[in-house]
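For reference, the chains in residue letters:
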Amino acid sequence: MCPRHGIVLHNRAMLERLDDDPVRGLRGGFRPFHTLCPALLTGGSGVELAIATPGDHGQPQSLFQVMRRHFELEVDIQCAIEWPRLRHDTGREVMLESRCPLSWDAALTKAGWAVKRVDAWSRLMGGVNAIRKEGCLLMGGADPRRSCYAIAE
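Quick notes on the rules
- Residues numbered from 1 in each chain as written.
- Predicted model: local features only at pLDDT ≥ 70, side-chain atom pairs only at ≥ 80, totals over all residues.
- Heavy atoms only, no water.
- Helix = DSSP H or I, 4+ residues; strand = E, 2+ residues; numbered from the N terminus.
- Contact = heavy atoms within 4.5 Å.
- Areas by Shrake-Rupley, 256 points an atom, 1.4 Å probe, with all protein chains shown as cover.
- Pairing = 2+ DSSP bridges.
- Axes fitted to C-alpha atoms, helices over the stretch in contact; angles between N-to-C directions.

Asker: In this structure, what is going on with the overall build of the protein chain? I would like to understand it.
Answerer: Helix and strand content of the protein chain: 3 helices and 7 strands. Mapped from its N terminus to its C terminus, the protein chain presents α and β elements in the order β-β-α-α-β-β-α-β-β-β. Taking the contacts inside the protein chain whose residues are at least 6 apart along the sequence as the reference set, 35% of them involve residues at least 24 apart. Surface accessibility of the protein chain: about 9700 Å² in total, with carbon and sulfur atoms responsible for 59%.

Structure, rendered in structure tokens:
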């Protein structure tokens, strides 16, 4: 857990097992039990944010980027979801949506990363849905990268 923010960063494979378990056993040719990455953020008044995305290895990366922009940069939840994203899968390559500022390329290249530009609204960056609660107000955000909706009642 990140002590400053209280966010648990995880490896989603921790729920899988290296044995012949028919549900959670990891074996070739079979999908893992799940690849979901939902999160509930809590504060003094209870749950403040429900957030989730599909997107395999990029799931925790997408969620972290959205949460950081919303809470640290104080942009509304929809704006935080629509903000350009980056993603790392393996090796030295980092994917950037084509909408990302060129300064991101320079900073990553200087740090030793290889930059690969992807579509402006790439599905590789997930499809975040979120509901933010502030007092009695519920605000929903839905990602235009995928067909999704956020409805808060």
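Asker: Explanation requested: the pairing of strand S1 (residues 39–43) in the structure shown.
Answerer: Pairing geometry for S1 and strand S2 (residues 46–52), over 5 bridges, is antiparallel. Bridging from a neighbouring strand, Leu41 pairs with Leu49 of S2. Counted along the chain from S1 to the antiparallel partner S2, the turn is 2 residues long.

Asker: How should the side chain of Ser122 be read in this particular structure?
Answerer: Secondary-structure assignment places Ser122 in the loop between strand S5 (114–118) and strand S6 (129–134). The residues contacting Ser122, other than those within four sequence positions of it, are Glu97 and Arg145.

Asker: It is not clear to me how the sheet that holds strand S7 (residues 137–142) should be interpreted in this structure. Could you clarify?
Answerer: Adjacent strands of a sheet pair through backbone hydrogen bonds, lying either parallel or antiparallel. One open sheet accounts for 4 strands, arranged S1-S2-S6-S7; its pairing is antiparallel. Of all strands in the sheet, those with a lone pairing partner are S1 and S7, marking the two edges. On average, each strand axis in the sheet is inclined to that of its neighbour by 20°, with strand direction left out of account. By the bridge criterion, 4 bridges tie S2 to S6 in an arrangement that is antiparallel. When the bridges of S6 are listed, Ala52 appears paired with Asn129. Helix H1 (residues 59–71) rests against S1, S2 and S6 of the sheet, and its axis sits at about 135° to S2.

Asker: Please clarify how the sheet that holds strand S3 (residues 86–88) should be interpreted in this entry.
Answerer: Overall, mixed pairing links the 3 strands, which are arranged S3-S4-S5 in an open sheet. Lying at the two open borders of the sheet, with one neighbouring strand each, are S3 and S5. The average angle at which neighbouring strand axes cross in this sheet is 30°, direction not considered. Here S3 runs beside strand S4 (residues 93–97); their pairing, made up of 3 bridges, is antiparallel. Looking at the pairing, Leu86 lines up with Leu96 of S4. Together, S3, S4 and S5 form the strand contacts of helix H3 (residues 102–110), whose direction differs from that of S5 by roughly 155°.

Asker: Please explain the pairing of S6 as it appears in this structure.
Answerer: For a regular strand, side chains alternate in direction, first toward one face of the sheet and then toward the other. As paired strands, S6 and S7 are joined by 6 bridges and run antiparallel to one another. Pairing of Glu134 across the sheet is with Leu137, part of S7. The hairpin turn running from S6 into S7, its antiparallel successor, is 2 residues long, and Gly135 in that turn takes a positive phi close to 65°.

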